[in-house]
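Okay, here's what each chain looks like letter by letter:
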Amino acid sequence: MFTIANGIILKGANLVPHRENIVVDEGKIIEIGKDSREGKIIDVEGAVVCPSFINGHIHIGDSIIKDEGYSLSLSEMVKPPNGIKHVALANASDDELIEAMKSSMWDMVHSGTTHFIDYREGGIKGVKLLKEASKDVPIKPIILGRDDSFYGEDPDLNKVKIAIRKILKIADGIAPSGFGEITMDVAEIISSECEKAGKISSIHVAESESNQIESLNEYGLSEIEKGVKTNFSQLVHLTNPKNNDLKMVCESSQNVVVCPRANATLNVGVAPLNDMLNLGLKPLLGTDNVMLNSPNMLRELEFSLKIMSVYHNDYIGPVELLKMATTNVCGFEINDVIRKSMIRENDFAEFVVFNSFSKNPYLNIINRVETKNILYTINKRFNV
Ligand SMILES: [Zn+2]
């Protein structure tokens, strides 16, 4: 048992600051209060105590080719099966992949992340490799798999269904790349099989303007409309929404993940985060391909804060932004799969203690602290 004493605790779903102590016993927060003190006392005088980060979207496998292909187009980089990422993955040995993924997971742990949602390539084997790599790292991967049977203009739907069911036995969900590679039939099978299994179905949508235009020309539907119609539980990017796209997502209560640094690296635009927040969406923030960006959420937070005011000529509330890296996940209907908590009594203790440099606890984290300023990361639940 121990007490983190005298910190500024960002409590509950809204990260409201309270100067209080947190008592932790066997991985759970058993008490929060001004006079609460039990076990070993760890005095963090004035430090900011924030829920640990969840990285809402990442491809950890492409850690093997960091910074390769810079300035190539989105499809040259990441489109299956010929993008440089997929060629590299196909040619990498299992050991190389495991070592690279492990190293990225340690980067995340050291920068305050305890959970990440990964789009894992390579079918069942790919899922198993990530599980193997994460065995000894104190982080919880939420793994979404995919299978080569999904691709092509006339896929064998029976094979697709069998592949999905096999992957779901060991993974937390399914995530094909995008609508450019799969038919609507395949998309529907993925989302309905995941729903039946209580797992996550996710897909990239509207990452680039050209994706959206191709989709509209070919089907009369934007990629976001397709994602809504086929009922994926989580949509990633929404960088280039059209007309009523965001409203539709809002009404469908799907989860949304945005990746501003990856979008900038690939030169595909800036997600309209302010519009999303005004509509009541509660996005998560993700760092996307490790080949493009470090998986460090502190870097993602600072970049996101600043790019919004540059690009959309509007400020984003620091607390709203910090929620995208922490408690927004608690509103997910797929919470059972993710099982991430916030700082409140009787919940799991999963939080980070940051040195304090300013009086604004939110901007302190987003705008001031570096990885080296993390005093403690408490994460007792990674292997549950
Ligand atoms: Zn992605």
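Residues numbered from 1 in each chain as written. Predicted model: local features only at pLDDT ≥ 70, side-chain atom pairs only at ≥ 80, totals over all residues.

### Focus on the overall build of the protein
- Of the regular secondary structure elements, the protein holds 15 helices and 16 strands.
- Computed over its C-alpha atoms, the radius of gyration of the protein comes to 20 Å, within 12% of the 21 Å expected for a compact globule of 384 residues.
- For the C-alpha atoms alone, the extent of the protein along its principal axes is close to 65 × 45 × 40 Å.
- Residue burial in the protein is summarised as follows: out of 384 residues, 52% are buried.
- When contacts within the protein are restricted to residue pairs at least 6 apart in sequence, long-range pairs at least 24 apart make up 72% of them. (Helix = DSSP H or I, 4+ residues; strand = E, 2+ residues; numbered from the N terminus. Rg over C-alpha atoms; globule rule 2.2 N^0.38 Å. Buried ≥ 20, exposed ≤ 12 C-beta atoms within 10 Å, placed from the backbone. Contact = placed C-beta atoms within 7 Å.)

### A short note on helix H5 (residues 157-170)
- Between its first and last C-alpha atoms H5 spans 21 Å; for 14 residues at 1.5 Å apiece the expected length is 20 Å, and the two agree.
- Regarding H5, the residues found buried are Val160, Ala163, Ile164, Ile167 and Leu168. Taken down its axis, H5 places every buried residue within 130° of arc, on the same side. Opposite its buried face, H5 presents the exposed residues Asn158, Arg165 and Lys169, each directed more than 90 degrees away. (Expected span 1.5 Å × (residues − 1). Arc of directions from axis to C-beta.)

### Details of unusual backbone geometry
- A cis amide bond, omega -5°, links Pro80 with the succeeding residue Pro81.
- The residue Pro81 is located in the loop between helix H1 (74-78) and helix H2 (84-91) in this model.
- Non-glycine residue Asn231 carries a positive phi angle of around 65°.
- Under the C-beta neighbour-count criterion, Asn231 is labelled partly exposed, with 16 such atoms within 10 Å.
- Within the chain, His237 stands out as a residue other than glycine whose phi angle is a positive 95°.
- As for its placement among the helices and strands, His237 is situated in strand E11 (residues 234-237).
- The class for His237 is buried, based on 30 C-beta atoms found within 10 Å.

### Focus on the pairing of strand E15 (residues 350-354)
- Counted residue by residue, E15 has 5 buried out of 5 residues, so it is predominantly covered.
- Side-chain alternation along E15 places Glu350, Val352 and Phe354 on one buried face and Phe351 and Val353 on a second face that is also buried.
- Across 4 bridges, strand E5 (residues 48-51) lies against E15 in antiparallel orientation. Residue pairing in the sheet places Pro51 in a bridge with Phe351 of E15.
- Sheet analysis places E15 next to strand E16 (residues 374-379), joined by 5 bridges and oriented antiparallel. Looking at E16, one finds that Glu350 is bridged to Asn379. (Pairing = 2+ DSSP bridges.)

### A look at the pairing of strand E7 (residues 113-119)
- Among the 7 residues that make up E7, 7 are buried, leaving the element largely enclosed by the rest of the structure.
- Both strand E6 (residues 53-59) and E7 contribute to a ladder of 4 bridges, which runs parallel. Directly across from Phe53, in E7, lies its bridge partner Thr113.
- Between the parallel elements E7 and strand E8 (residues 140-145), the chain passes through helix H4 (residues 123-134) in a crossover that is right-handed. (Right-handed = clockwise from strand over helix to strand, strands pointing away.)

### Details of the environment of Phe354
- Mapping Phe354 onto the fold places it in strand E15.
- Note on Phe354: 26 C-beta atoms within 10 Å, which makes it buried.
- Distance from Phe354 to Tyr376, taken between C-alpha atoms, is 7.5 Å for residues 22 residues apart in sequence.
- When near neighbours in sequence (up to four residues on either side) are disregarded, Phe354 contacts Ala47, Val48, Cys50, Asn364, Ile365, Val369, Asn373, Ile374 and Leu375.

### Here's the deal with the domain arrangement of the protein
- Per the domain assignment, the segments making up the protein are domain 1 (2-51 + 340-379) and domain 2 (53-338).
- The C-alpha-based centres of domain 1 and domain 2 are spaced at 29 Å.
- Counting from both sides, the interface comprises 19 residues of domain 1 and, opposite them, 23 residues of domain 2.
- Along the lines of polarity and charge, the residues of the side of domain 1 that touches domain 2 split into 12 nonpolar, 4 polar and 3 charged. (Domains from an automatic or database assignment. Nonpolar A, V, L, I, M, F, W, Y, C, P; charged D, E, K, R; others polar.)

### A word on the sheet that holds strand E14 (residues 288-289)
- Ordered by their spatial adjacency, 9 strands build an open sheet running E13-E12-E11-E10-E9-E8-E7-E6-E14, and the pairing between neighbours is parallel. In this open sheet, the two strands that pair with only one neighbour each are strand E13 (284-285) and E14.
- In the sheet, strand E12 (residues 255-258) pairs with E13 via 2 bridges, with the strands oriented parallel. Residue pairing for E13: Val258 is matched across the bridge by Leu285.

### Observations concerning the environment of Asn244
- Of note, Asn244 is situated in the loop between E11 and helix H9 (245-252).
- Between the C-alpha atom of Asn244 and that of Ser222, which follows or precedes it by 22 residues, the distance is 10.0 Å.

### Let's talk about the nonpolar core
- Val49, Leu235, Leu301 and Ile365 are the most contacted members of the largest nonpolar core, which has 109 residues in total.
- Of the domains in this structure, domain 1 (2-51 + 340-379) and domain 2 (53-338) are the two that each give at least three residues to this core.
- Sequence-distant contacts of Leu301, defined by excluding residues within four places in its chain, comprise Leu321, Leu322, Ala325, Ile365 and Ile366. (Core = buried A, V, L, I, M, F, W, Y, C linked by C-beta atoms within 7 Å.)

### Re helix H7 (residues 209-219)
- Listed in full, the buried residues belonging to H7 are Asn211, Gln212 and Ser215. In an axial view of H7, the angular spread of the buried residues amounts to 95°, which keeps them on one side of the axis.
- Looking at the buried positions of H7, the neighbouring elements they touch are helix H8 (223-229).
- The first or second residue beyond H7 is Gly220, which carries a positive phi of 70°.

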